[in-house]
Amino acid sequence: MAAPTEAVYLHDASLRTLTTEIVSYQPISSLSEDEQSLAKTLASDESAMTMRQTILYPQGGGQLCDTGTITGSNPESCFEVSLVRKTPDGKIIHFGKPSNSGPNSFLEGHSVIQNVDAAKRDYHSRLHTAGHIIGVAMEIVMPEMKEVKANHTPKEAGMEYEGLIYNEHKPLIQAKIDELVKQDLPVTVSWLEAGTPVYDRAKVGDGPVRIVSVGGLDQTPCGGTHVERTGLVGSINIRKITRKSGISRMSYEVAKEL
Ligand SMILES: [Zn+2]
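Residues numbered from 1 in each chain as written. Predicted model: local features only at pLDDT ≥ 70, side-chain atom pairs only at ≥ 80, totals over all residues. Heavy atoms only, no water.

Under an unreviewed UniProt entry, the name given to the protein is Alanyl-transfer RNA synthetases family profile domain-containing protein, and the organism recorded is Penicillium angulare. Per UniProt, the comment on the protein under Subcellular location (unreviewed entry) is "Cytoplasm". If you open the UniProt record of the protein and go to Sequence similarities (unreviewed entry), you find "Belongs to the class-II aminoacyl-tRNA synthetase family. Alax-L subfamily." (UniProt positions renumbered as here; feature names shortened; annotations may be inferred.)

A. Structural detail: the coordination of the zinc ion. Each protein donor to the zinc ion is listed here as His-128 (NE2), His-132 (NE2) and Cys-222 (SG); together their distances run 2.1 to 2.3 Å. When the donors of the zinc ion are listed by position in the chain, the intervening gaps give H-x3-H-x89-C. Taken as a pair, His-128 and His-132 lie in helix 2 (residues 118–141) at a separation of four residues, close to a single helical turn. (Donors = N, O, S within 2.8 Å, 3.2 Å for Na, K, Ca; no water. Helix = DSSP H or I, 4+ residues; strand = E, 2+ residues; numbered from the N terminus.)

B. Representation of the sheet that holds strand 3 (residues 47–51) within the structure. Sheet architecture is closed into a barrel: six strands sit in the order 2-3-7-6-5-8, paired in antiparallel fashion. Ignoring which end each strand starts from, the neighbouring axes of this sheet average 45° apart. For strand 2 (residues 17–27) and strand 3, the ladder comprises five bridges, and the chain directions are antiparallel. The partner of Tyr-25 across the bridge, within strand 3, is Met-49. (Pairing = 2+ DSSP bridges. Axes fitted to C-alpha atoms, helices over the stretch in contact; angles between N-to-C directions.)

C. Expanded view of the domain arrangement of the protein. Split by domain assignment, the protein resolves into domain 1 (6–116) and domain 2 (121–254). Measuring from the centre of the C-alpha atoms in domain 1 to the corresponding centre in domain 2 gives 29 Å. Per-residue buried area on domain 1 facing domain 2 is highest for Leu-10, Gln-63 and Leu-64; these three make up 40% of the total on that side. If you look at where domain 1 meets domain 2, you find two salt bridges. When the shortest N-O distance is used, the salt bridge between Asp-66 and Arg-121 registers 2.7 Å. Counting every contact that joins domain 1 to domain 2 gives eight residue pairs in polar contact (both at pLDDT 80 or more). (Domains from an automatic or database assignment. Buried area = accessible area lost by both parts, 1.4 Å probe. Salt bridge = Lys/Arg side-chain N within 4 Å of Asp/Glu carboxyl O. Polar contact = N/O pair within 3.5 Å; in protein donor to acceptor, adjacent residues only side chain to side chain.)

D. Broad picture of the packing of aromatic side chains. Under the criterion given, the structure shown has four aromatic pairs. Each ring, one from Tyr-25 and one from Phe-79, has its centre 5.6 Å from the other, and the planes form 85°; the classification is edge-to-face. Placement of the pair is Tyr-25 in strand 2 and Phe-79 in strand 6 (residues 78–86), with a sequence separation of 54 residues. For Phe-79, a relative accessible area of 0% gives the class buried. Centroid distance Phe-79 to Phe-106: 6.1 Å. Interplanar angle 70°. Geometry classified as edge-to-face. On the criterion of sequence distance, the pair formed by Phe-79 in strand 6 and Phe-106 in the loop between strand 7 (92–98) and strand 8 (111–116) is long-range, its members being 27 residues apart. (Phe/Tyr/Trp six-rings, centres within 6.5 Å; stacked < 30°, edge-to-face > 60°. Buried < 20%, exposed > 50% of the residue type's maximum accessible area, 1.4 Å probe, protein only.)

E. Region of the structure containing helix 2. Taking 1.5 Å per residue as the helical rise, helix 2 with its 24 residues ought to reach 34 Å, and the 34 Å between its terminal C-alpha atoms agrees with that figure. For helix 2, a buried count of 17 out of 24 residues is recorded, marking the element as mostly surrounded by other parts of the structure. The N-terminus of helix 2 is capped by Asp-117, whose side-chain oxygen sits 3.3 Å from the backbone nitrogen of Ala-119. (Expected span 1.5 Å × (residues − 1).)

F. Region of interest: the pairing of strand 6. As defined by bridge partners, strand 5 (residues 68–71) adjoins strand 6 across four bridges and the pair is classed as antiparallel. Bridge pairing in strand 6 places Thr-71 opposite Cys-78. Hairpin connection between strand 5 and strand 6: a loop of six residues separates the two successive antiparallel strands. Summarising the sheet, strand 6 and strand 7 pair through seven bridges and their orientation is antiparallel. Looking across to strand 7, one finds that Phe-79 is bridged to Pro-98. Connecting strand 6 to the next strand, strand 7, in antiparallel fashion are five residues, including Gly-90 with a positive phi near 90°.

Below, the structure written as structure tokens:
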């Protein structure tokens, strides 16, 4: 089994460029069936690159993946990353294609530079932090509600709760969200050692658990990328609240750019 990719974004989400080394570069069609199934949306003549480390976020946890470019030592060679996925054994695969038809200089062991599409990452991070802020606001104003699902995808972002939330609750929830943003609270990342008892251990596995906290008000296991302070999210708008089979869904949005 190949060594897992070092997920640098978990420890430093501020990096937008990183020099690292190619571990593999191959056509999608030569990957294992399971790995190919991660790239169903792409043409089979595209390629898959793995590197020792990555700063590109792979799709998951309700957050869309990053896109970006990988440039080789030869400045002519540029690989456009359109999809990043993580395998169950921790390998992070960058799918895409070279942006020119020059000679392939992406060889195992060669040094490359990763570049993240920064505007997209910032938007995704603000959407993700907004979801956590809504979670904290709900814990304060409606602590009896249990969060069951979170989606931080542009245009589809929403938080789901067991139980009924009605439109008349909206002003109270919105006011608490606005207050948390205005307070410009720090959003911090910390790690719990393997074996530390946490609620939801079954869901997060046996290893170390990454905990994201909004101003110390919550302790949420999360592998996503966040902005450093709540004020950097800008205003969060609760769009609508819908109810179905005892589950309430609050859809939300943030401005694409601050
Ligand atoms: Zn999260």
